[in-house]
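Inside the fold
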Amino acid sequence: MENNFTELLAQDQTLIESGLGKIFQGDVQYADLQASMEYSLLAGGKRVRPVLTLETCRLCGGSREAALPFACAVEMVHTYSLIHDDLPAMDNDDLRRGRPTNHMVYGEATAILAGDGLLAAAFEQLARAELPAQRVVEAVACLSSAAGPSGMVGGQALDIAGEGHALSQGELELLQSLKTGALISAAAELGCIAAGGGPEVRERIRLYASALGRAFQVRDDILDVTCTAAELGKTVGSDQANEKNTFVTALGLEGCTALVEQLTRQAVDALEGFQAPDFHIWLARQLAERNK
């Protein structure tokens, strides 16, 4: 069974890479803009968010191919956030996915524009989906809410505001539920939308993805202090250097490990009643145990 899920994950990743690689073909881009966007967009990675979109669409009775534009849009928004997050004015990181960060290669101005371009083009991808118009409208509402001031951008603002002073666990959970969790939750919900899932199904998917996203972030915080930059492919220790609040500083490593286990159980429990949730259960456990 493990091999089957690993193979399915690889198939999803191949489909996603193919879709992302075709996005800017034939477009007229200026200066280094396209090169800068594709430098980060096509740099690989786990592709957790678009995989969630494809597999949740399948779980809810749709096809992965129908959900591909939504999946690509999610990854474009995620990539834009990474480019901007790495900038000197934000986390000031120089390594991402094992390569120099975007602004280290193309300069700050072009990196900012590359992030802007990816964000705008993501919604163009949503609009191009060959799905009923109502589903596209719902997808736009879902992704824009998750990416904007009431989601990821709001979480980033809280993160910056919290630098240099301790946050309570509740404040930290709110911050990370917006900064990281909102987009992960939206990725899964977009798959449900693509399949035509109703409000009750979407709510159960949100519960799963919300717990999954929180566990993902806590595990990230653990890895940031237990792994090397070579192992993770990105700068480690920058949270501590920037005096950022993390779950490790709030709970310690043992507390974080216990919280990851608790949240993973919550994610799995949220799938009760779905006909074939085995891949989603496997993915939650894989992410909880990952070492990079």
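To keep things clear, this report deals only with the structure shown in the data block. Please read these numbers as outputs of a predicted model, since none were measured by experiment.

Formed by 70 residues in total, the largest nonpolar core has its most connected members in Phe-70, Met-76 and Tyr-208. It is helix H4 (residues 64–85) that contributes the most residues to this core, 11 residues altogether. When residues no more than four places from it in sequence are discounted, the contact partners of Phe-70 are Thr-53, Leu-126, Ala-129, Leu-131, Arg-135, Val-136, Ala-139, Leu-190, Ile-193 and Ala-194. Listed in part, the 11 residues of the second largest apolar core include Leu-172, Ile-222, Val-248 and Val-260.

Moving on: unusual backbone geometry. Positive phi, close to 50 degrees, is recorded for Ala-31, a residue that is not glycine. Topologically, Ala-31 is positioned in the loop between helix H1 (2–21) and helix H2 (33–41). A positive phi is found at Asn-92, a non-glycine position, where the angle reads about 55 degrees. Checked against the element boundaries, Asn-92 lands in the loop between H4 and strand S1 (95–96).

It is worth spelling out the packing of helix H10 (residues 199–226) against helix H14 (residues 278–289) at this point. Where H10 meets H14, the closest approach of the two axes is 8 Å, and the angle between their N-to-C directions is 20 degrees. On the basis of the axis angle, H10 is roughly parallel to H14. Handedness of the H10/H14 crossing: left-handed. Here Tyr-208, Leu-212, Phe-216 and Arg-219 of H10 come into contact with H14, specifically with His-280, Leu-283, Ala-284, Leu-287, Ala-288 and Glu-289. Looking at the contact of H10 with H14, its residues break down into seven nonpolar, one polar and two charged.

In this section: the pattern of salt bridges. Overall, the coordinates contain 15 salt bridges when judged by the stated rule. For Asp-12, the salt bridge is made with Arg-64, and the minimal N-O distance between the two is 2.7 Å. Here Asp-12 is found in helix H1, whereas its partner Arg-64 is found in helix H4, with 52 residues between them in sequence. Residue classification places Asp-12 among the buried positions, given a relative accessible area of 0%. We note a salt bridge from Lys-179 to Asp-159, for which the minimum N-O separation is 2.7 Å. Remark: Asp-159 occurs in helix H8 (residues 152–161) and Lys-179 occurs in helix H9 (residues 169–194); sequence separation between them is 20 residues. With respect to burial, Lys-179 and Asp-159 carry one shared label: buried. If you follow the salt bridges from partner to partner, you end up with Glu-138, Glu-189, Arg-202, Glu-203 and Arg-206 in one network.

Conventions adopted
Residues numbered from 1 in each chain as written. Predicted model: local features only at pLDDT ≥ 70, side-chain atom pairs only at ≥ 80, totals over all residues. Heavy atoms only, no water. Core = buried A, V, L, I, M, F, W, Y, C linked by side-chain atoms within 4.5 Å. Buried < 20%, exposed > 50% of the residue type's maximum accessible area, 1.4 Å probe, protein only. Helix = DSSP H or I, 4+ residues; strand = E, 2+ residues; numbered from the N terminus. Contact = heavy atoms within 4.5 Å. Axes fitted to C-alpha atoms, helices over the stretch in contact; angles between N-to-C directions. Parallel < 35°, antiparallel > 145°, perpendicular 65-115°, else oblique. Left-handed = near helix turned anticlockwise from the far one by under 90°. Nonpolar A, V, L, I, M, F, W, Y, C, P; charged D, E, K, R; others polar. Salt bridge = Lys/Arg side-chain N within 4 Å of Asp/Glu carboxyl O.

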